[in-house]
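Residues per chain are reported as follows:
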Amino acid sequence: MQGNLTTPRAVPAASPGRESEGRAADLWARVALPAAAPEPPAEPVAAPGLRLALSLLEEGALTSRANRSCGSYAARAVPSAGAVYPYEFAVLVMENGVPTAFRVDVDRRICARLAAGTRVTTALDASMLAIPENGGALVITLTRPWLSMRKYGDRGYLYTQIDAGHAAGNLLLAAAGRGAAGALRLRFPRETLSELLEAGENCREIYSATLIPANPAGEPSTRWTVHDDTDRERRGPTWRSWLESTCWDSLAGWTEHSASAALRTVAAPLARIRTGRRPAGGHSGLGDPSEWPELIGTRASSKAFTGEPVSASAVWQAVSALSTPLQTDLPDASPLSATLVLRSTTEPEQNAVYRLHTGERQPGSLPTTEEVARACMQQRALAGAAAILLLHVPRTSLAGAGSAAGTENLRELAFRCGALGQLLYLGANRATVGVTAIGGFDVPLWRTLAGLPEDEEILYALLLGRPDDSGIKFDRLATAHAQNER
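Note that the structure is predicted; figures quoted are calculated from it, not measured. (Residues numbered from 1 in each chain as written. Predicted model: local features only at pLDDT ≥ 70, side-chain atom pairs only at ≥ 80, totals over all residues. Heavy atoms only, no water.)

**Student:** Describe a nonpolar patch on the surface, listing the residues and the values that go with them.
**Tutor:** Nonpolar side chains collect at one region of the surface, where Leu27, Trp28 and Val31 lie side by side and expose about 360 Å² of accessible area between them. Mapped onto the fold, Leu27 is located in helix α1 (residues 19-31). (Patch = residues over 30% accessible without salt bridge, like charges linked within 9 Å, V, L, I, M, F, W, Y side chains within 5 Å. Areas by Shrake-Rupley, 256 points an atom, 1.4 Å probe, with all protein chains shown as cover. Salt bridge = Lys/Arg side-chain N within 4 Å of Asp/Glu carboxyl O. Helix = DSSP H or I, 4+ residues; strand = E, 2+ residues; numbered from the N terminus.)

Printed below as a string of structure tokens:
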């Protein structure tokens, strides 16, 4: 390796007398950085579809007006395990009548034009996708597992999938809030599109495709610029960690191919929720879509919970958001189920464990504050949660037993978890209840506390309660506190 480039470099054999000198030279070669290539001239963002996509990304994934962010961390519209946000975006639109693909750098607010014309058309045809007409956009979410795995190890791959589900689901909600319902595709061929977007060679994988119809609402900030990157020969060397390449190689066989392409999308809830309670107001689920932009813009993760009881009706209002339909290509039936542990409300008679897919109330004792802390990997700031939502599946659905029709792979199950988690965040915001999500928890203990079968695996846990904004989100620090790392 030469520094952190993936280009091999010949290193001459050292004689015994010069061994230490050779080692020092090799060390310096590894830590040295390549020269930065000059950036192409910047252009304004002109294509209507690209402007639409960027404004939607700003609203649905990148920015938030919430005032409960932690210290120097800027609030985002979606949460992420450890605040690492292990995904990025590409956008395919018509530019001057030509299909064009852009890679989006959300931190620098730069769009790089990767390809245009026939190559883009060929990739779209092979993927059974199309750019929406009259100024619409096709937004591709790509995951970069290394960003999460370097902190959380192998489990970071699951966090990556769930985090991307939060973002992709929220893009749909942001579009619907503008009166232009989008559609999300998870089941489509990815190989040719991945080559076009240079995904695999850069340790990325395509997660989802969101079709956004043209609509007049929203303009991106003027900070965005475009530069042309279609000539690969003009690009300079790219810094890339050999550690990331090694991590990527270790994932061979992990990434699962989608089921047969589903060309039809349907608006349906992502989980079967039966509470036996009528939602407040005249709207089911998350309520009136015209109110969603405000909910998205003010969403926040709670840092801690006070331990004081909360209104059971507020918790149920938050949970009712899970029944909000989203337009996807996933099947109506899913192995994913939800269980609510309602343990500390102002109406003690409602405290119980509920199987939300059946509406059944389970008998038995409820977890103590100490047990909640243990089950959350000793994250004691969360021990005062009033309610815990667990998303779980039978273990057999994770074992790849699934080539049968209607089964779902890990990406699809994790999307359901992330999108449902985002709905719960927004529902909690609407109900003025604190909420936070965790991916690191004691599965056997939670299984016992919630009375789940031994063959049930919990993928995601979300906690609700009265927020304590004086707390600290320790898992934003370098140490993986969510996994009890010391």
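More follows now that the structure is in view.
**Student:** How would you sum up the packing of aromatic side chains? Please name residues and give values.
**Tutor:** For the structure shown, the criterion picks out 4 aromatic pairs. Look at Tyr152 and Tyr159: their rings are 4.9 Å apart centre to centre, the planes differ by 80°, and that puts the pair in the edge-to-face class. For the residue pair Tyr152 and Tyr159, the accessibility class agrees, reading buried in each case. Taking the centre distance of 5.0 Å and the plane angle of 85° together, the rings of Trp316 and Tyr354 count as edge-to-face. Taken together, the residues span a long stretch of sequence, with Trp316 in helix α9 (residues 312-320) and Tyr354 in strand β11 (residues 352-355) at a distance of 38 residues. Taking the relative accessible area as the measure of exposure, Trp316 reaches 6% and is therefore buried. (Phe/Tyr/Trp six-rings, centres within 6.5 Å; stacked < 30°, edge-to-face > 60°. Buried < 20%, exposed > 50% of the residue type's maximum accessible area, 1.4 Å probe, protein only.)

**Student:** Describe the environment of Leu426, naming the residues involved and giving the relevant values.
**Tutor:** Mapped onto the elements, Leu426 comes out in helix α11 (residues 410-430). Since its relative accessible area comes to 0%, Leu426 is described here as buried. Sequence-wise, Leu426 and Trp292 are 134 residues apart; in three dimensions their C-alpha atoms are separated by 8.1 Å. The contacts of Leu426, once residues within four sequence positions are left out, are Asn170, Leu173, Leu286, Leu295, Ile296 and Arg299. (Contact = heavy atoms within 4.5 Å.)

**Student:** Which residues make up the pairing of strand β3 (residues 110-116), and what are the values?
**Tutor:** Across the 7 residues of β3, 6 count as buried, placing the element largely inside the fold. As judged from the 6 bridges shared by strand β2 (residues 98-105) and β3, these two strands associate in the antiparallel manner. Residue pairing in the sheet places Asp105 in a bridge with Ile110 of β3. Adjacent in sequence and paired antiparallel, β2 and β3 are bridged by 4 residues, among which Arg109 carries a positive phi angle near 60°. (Pairing = 2+ DSSP bridges.)

**Student:** Could you give an account of α9, with specific residues and numbers?
**Tutor:** In terms of burial, α9 is a largely internal element, 7 of the 9 residues being buried. Residues of α9 that are buried include every one of Ala312, Ala314, Val315, Trp316, Ala318, Val319 and Ser320, and no others. Residues of α9 that are buried in the fold lie against β10 (337-342), β11, β13 (387-394), α11 and β15 (456-465).

**Student:** Give a description of the sheet that holds strand β14 (residues 434-438) that names residues and reports values.
**Tutor:** Taken in spatial order, the 6 strands line up as β12-β11-β10-β13-β15-β14 in an open sheet, and their pairing is antiparallel. Across the chains shown, the open sheet's two edge strands, defined by having one partner strand only, are β12 (360-362) and β14. Each neighbouring strand pair of the sheet contributes to a mean axis angle of 25°, computed without reference to strand direction. Pairing of β10 with β11, which is carried by 4 bridges, proceeds in the antiparallel orientation. Along β11, the bridge assignment pairs Leu340 with Tyr354. Across the face of the sheet, α11 comes into contact with β13, β14 and β15 while running at roughly 15° to β15. (Axes fitted to C-alpha atoms, helices over the stretch in contact; angles between N-to-C directions.)

**Student:** Talk me through the nonpolar core; I want residue IDs and the actual numbers.
**Tutor:** Membership of the largest hydrophobic core comes to 88 residues, with the highest contact counts inside it found for Leu50, Phe89 and Leu356. Considering each element in turn, this core owes the most residues, 11 residues, to α11. Leaving out residues up to four positions away in the same chain, Leu50 has contacts with Val45, Val91, Val93, Phe102, Cys111 and Val226. The next biggest cluster of nonpolar side chains, apart from the first, holds 21 residues, and it includes Val372, Cys376, Leu382 and Ile388. (Core = buried A, V, L, I, M, F, W, Y, C linked by side-chain atoms within 4.5 Å.)

**Student:** Give a description of the side chain of Arg144 that names residues and reports values.
**Tutor:** Here Arg144 shows up in the loop between β4 (137-143) and α4 (146-152). Judged by its relative accessible area of 18%, Arg144 falls in the buried class. A polar atom in the side chain of Arg144 sits 2.8 Å from the side chain of Glu244. (Polar contact = N/O pair within 3.5 Å; in protein donor to acceptor, adjacent residues only side chain to side chain.)

**Student:** How would you summarise the pattern of salt bridges if you had to cite specific residues and measurements?
**Tutor:** Taken as a whole, this structure holds 20 salt bridges when the rule is applied. Across the pair Glu59 and Arg178 runs a salt bridge, and its minimum N-O distance is 3.0 Å. In this pair, Glu59 sits in helix α2 (residues 48-62) while Arg178 sits in the loop between α5 (155-177) and β5 (183-185), placing the two residues 119 residues apart along the sequence. Judged by its relative accessible area of 18%, Arg178 falls in the buried class. For Arg447, the salt bridge goes to Glu454, with nearest N and O atoms at 3.8 Å.

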